[in-house]
Amino acid sequence: MRRAFASLTSRLVLTTVLLILVVSVLLGAATTVAMSRYLNDRLDEQVHQLPIGGGPTGGPGMEVGMVRALISDDGTAEVYVVEPRSAEEPIRQVRLDDAAADELAQVPTDRETHTVSLPGIGDFRVQAIPTPDGGTYLVGLPEDSVSSVLERLVSLELLFAVIATALGGGVALVVVRRQLRPLREVAETAHAVAELPLASGEIDLTERVPDHLTDERTEVGQVGAALNALLAHVETSLDARHRSEQQVRQFVADASHELRSPLATIAGYTELARRRPDDAAATATALDKVEEESGRMTSLVEDLLLLARLDSGRPLAQEPVDLTRLLLEAVSDARVVAPGHHWRLDVPDDAVDTPYEVVGDDLRLHQVATNLLSNAARHTPAGTTVTVRVRRDGFAVHDDGPGFPPELVDHAFERFARGDTARTRGSQVGVGLGLSLVEAIVAAHGGTVTLQSVPGDTTLDVTLPR
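Structure report, in brief. Remember, predicted model here, so these are calculated numbers, not experimental data.

### Brief notes about the overall build of the protein
And step 1. What the protein contains, in helices and strands, is 10 helices and 13 strands.
And step 2. Within the span of the protein, comprising 466 residues, buried residues form 35% of the whole.
And step 3. For the protein, the proportion of contacts with a sequence separation of at least 24, taken over those separated by at least 6, is 59%.
And step 4. For the protein, the exposed surface amounts to about 27,100 Å²; the carbon and sulfur share of it is 56%.

Next comes the structure, spelled out in structure tokens:
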């Protein structure tokens, strides 16, 4: 039973039918009560207008069905009921038995109408009036006319309730189905999306609720608009997941490639040393190359491990860091490593009295500065001027070298991103992890790093929370 009314259409139609039925019953009851009062009032008026007095033959003004009785002061009672007879003698009075007299004798003589049930005849509205000689005169009319009218009224009301309920249920079914048709269209969109394979790969999530069902002024429109927003969010998330999967695959491929070269070198020189066990020079050369390539692999693995830790959200140290001192040390080291470049440190005058400090990890921020300066030294020719400008919320590294290749500017911070497409062996920075490490470390500090590069004007700007 519960399953039969599980749908919204069934519940709405059932609610409408019940509402119509309840309203019909309430209206019928109110109408019946009002009509009963009206008819009883009319009957009471007629009772008050009945003729008083008359003998066994009655008098003028008598009506068919009328009951009249005279109860003397000694308890003697004469009770008559007026019945139809024939065309020549339209009415006649029939005397009733003592049982009827006993019932009528209990009616108060207050000139008000009262209901009396006379055995074998029925219910009457009766008025009792005292007579001058101490007796009581009673007149009344039967309630059959009121009862018959009320019975017919109740029958009509029941018929009306049945017709109204059936008609209302049919109309409600048609209207509800029509009004819920847009909701079914929204559901069809959801079902179509649910049938798409979303587990892996690139997802083409183009299904959307039609525009005419996204008017947020209506409830269905609100559902449609919400579903479209959800689908857009899911599509964005799936695209991001796909890009992430592609980046991971590319990352693994690049890392494998970068590790394969030093491993191949180590294997080659190891084989050389094994084949010439008596050649001391070859063995020394092989050991030097193994050591060099091992160091390169160690640096690469350490950088990869650092990136993985930063990606996992591992917190860094949170200590005051003097940017002026840090950058001064980094520029001093760069002068030693790349003496062919012109190195400048631009420090505001007020930084001498009040150190520019940020909160972060001194070692990692020093790595950021070192990577940026090494990147400038490695990818610009000798004689290039590299300027480091210190600010309270970070620093910028500017050079007047040839700049980044235009196709690399938007991807400079991606891992293993390099200007050349060949997988040439180089130093740790040359594998394309330097700027990606910079971005990851700065992001872990809650900061940002940006790149602007044209020939003769390249700036890498680091902003850190103060």
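Anyway, onward from the coordinates.
### With respect to a positive patch on the surface
And step 1. Taken together, R177, R178, R181 and R184 make up a surface patch of like positive charges.
And step 2. Here R177 lies in helix α3 (residues 144–194).
And step 3. By relative accessible area, R177 is classed as partly exposed at 47%.

### As for the environment of L435
And step 1. Note that L435 resides in helix α10 (residues 434–444).
And step 2. Through-space distance from the C-alpha of L435 to that of F413 is 5.1 Å; in sequence the pair is 22 residues apart.
And step 3. Non-local contacts of L435, meaning those with residues more than four positions away in its chain, are made with L372, N375, F404, A412, F413 and L460.

### What about the nonpolar core?
And step 1. Ranked by internal contacts, the top residues of the largest apolar core, which has 46 residues, are W343, V368, L372, L373, F395 and V462.
And step 2. Counting only elements with at least two residues in this core, the list comes to α5 (280–311), α6 (323–337), α8 (362–379), β10 (385–391), β11 (394–399), α10, β12 (448–454) and β13 (457–463).
And step 3. Here this core gets seven residues from one element, more than from any other, and that element is α8.
And step 4. With residues up to four places along the chain from it excluded, the contact list for W343 reads V331, A334, R335, A338, L373, A377 and V386.
And step 5. By size, the runner-up hydrophobic cluster in this structure holds 17 residues, among which are V81, A101, L118 and F124.

### What to know about the side chain of Q367
And step 1. Inspection of the secondary structure puts Q367 in helix α8.
And step 2. The residues contacting Q367, other than those within four sequence positions of it, are D303, L306, L437 and I441.

### Details of a nonpolar patch on the surface
And step 1. On the surface, L14, L18, L21 and V25 cluster together into a nonpolar patch covering about 310 Å² of accessible area.
And step 2. Along the polypeptide, V25 turns up in helix α1 (residues 8–48).

### Structural notes on the pairing of β11
Looking along a regular strand, one sees the side chains alternate between the two faces of the sheet.
And step 1. Burial analysis of β11 places six of its six residues in the buried class, the great majority of the element.
And step 2. With six bridges connecting them, β10 and β11 associate as antiparallel partners. Bridged to T387 within β11 is H398.
And step 3. Linking β10 back to β11 in an antiparallel pair, the connection comprises two residues.
And step 4. Of the strand pairs in this sheet, β11 and β13 are connected by six bridges, and their pairing is antiparallel. Along β13, the bridge assignment pairs V397 with L460.

### Comments concerning the packing of α8 against α10
And step 1. The geometry of α8 relative to α10 is characterised by a closest axis approach of 9 Å and an angle of 150° between their N-to-C directions. Judged on the interaxial angle alone, α10 and α8 are roughly antiparallel. Like other packed secondary-structure pairs, α8 and α10 cross with a definite hand, here left-handed. Of the residues in α10, those touching α8 at R364, Q367, V368, N371, L372 and N375 are G434, L435, L437, V438, I441 and V442.
And step 2. Its residues assigned to classes, the contact of α8 with α10 comprises seven nonpolar, four polar and one charged.

### Section: a negative patch on the surface
And step 1. Side chains of D97, D98, D102 and E103 sit close together on the surface and give a patch of like negative charge.
And step 2. With respect to the element layout, D102 can be found in helix α2 (residues 98–104).

### Quick notes on the pairing of strand β5 (residues 122–130)
And step 1. Two elements, strand β4 (residues 113–118) and β5, share six bridges in a ladder whose sense is antiparallel. Considered in β5, the bridge of T115 is made with R125.
And step 2. Counted along the chain from β4 to the antiparallel partner β5, the turn is three residues long, and its residue G120 has a positive phi close to 80°.
And step 3. Judged from the seven bridges that link them, β5 and strand β6 (residues 136–142) form a sheet pairing that is antiparallel. The residue of β6 that forms the bridge with I129 is Y137.
And step 4. Hairpin connection between β5 and β6: a loop of five residues separates the two successive antiparallel strands, and G134 in this loop has a positive phi of roughly 95°.

What counts as what
Residues numbered from 1 in each chain as written. Predicted model: local features only at pLDDT ≥ 70, side-chain atom pairs only at ≥ 80, totals over all residues. Heavy atoms only, no water. Helix = DSSP H or I, 4+ residues; strand = E, 2+ residues; numbered from the N terminus. Buried < 20%, exposed > 50% of the residue type's maximum accessible area, 1.4 Å probe, protein only. Contact = heavy atoms within 4.5 Å. Areas by Shrake-Rupley, 256 points an atom, 1.4 Å probe, with all protein chains shown as cover. Patch = residues over 30% accessible without salt bridge, like charges linked within 9 Å, V, L, I, M, F, W, Y side chains within 5 Å. Salt bridge = Lys/Arg side-chain N within 4 Å of Asp/Glu carboxyl O. Lys, Arg positive; Asp, Glu negative; His and termini not counted. Charge placed at Lys NZ, Arg CZ, Asp CG, Glu CD. Core = buried A, V, L, I, M, F, W, Y, C linked by side-chain atoms within 4.5 Å. Pairing = 2+ DSSP bridges. Axes fitted to C-alpha atoms, helices over the stretch in contact; angles between N-to-C directions. Parallel < 35°, antiparallel > 145°, perpendicular 65-115°, else oblique. Left-handed = near helix turned anticlockwise from the far one by under 90°. Nonpolar A, V, L, I, M, F, W, Y, C, P; charged D, E, K, R; others polar.

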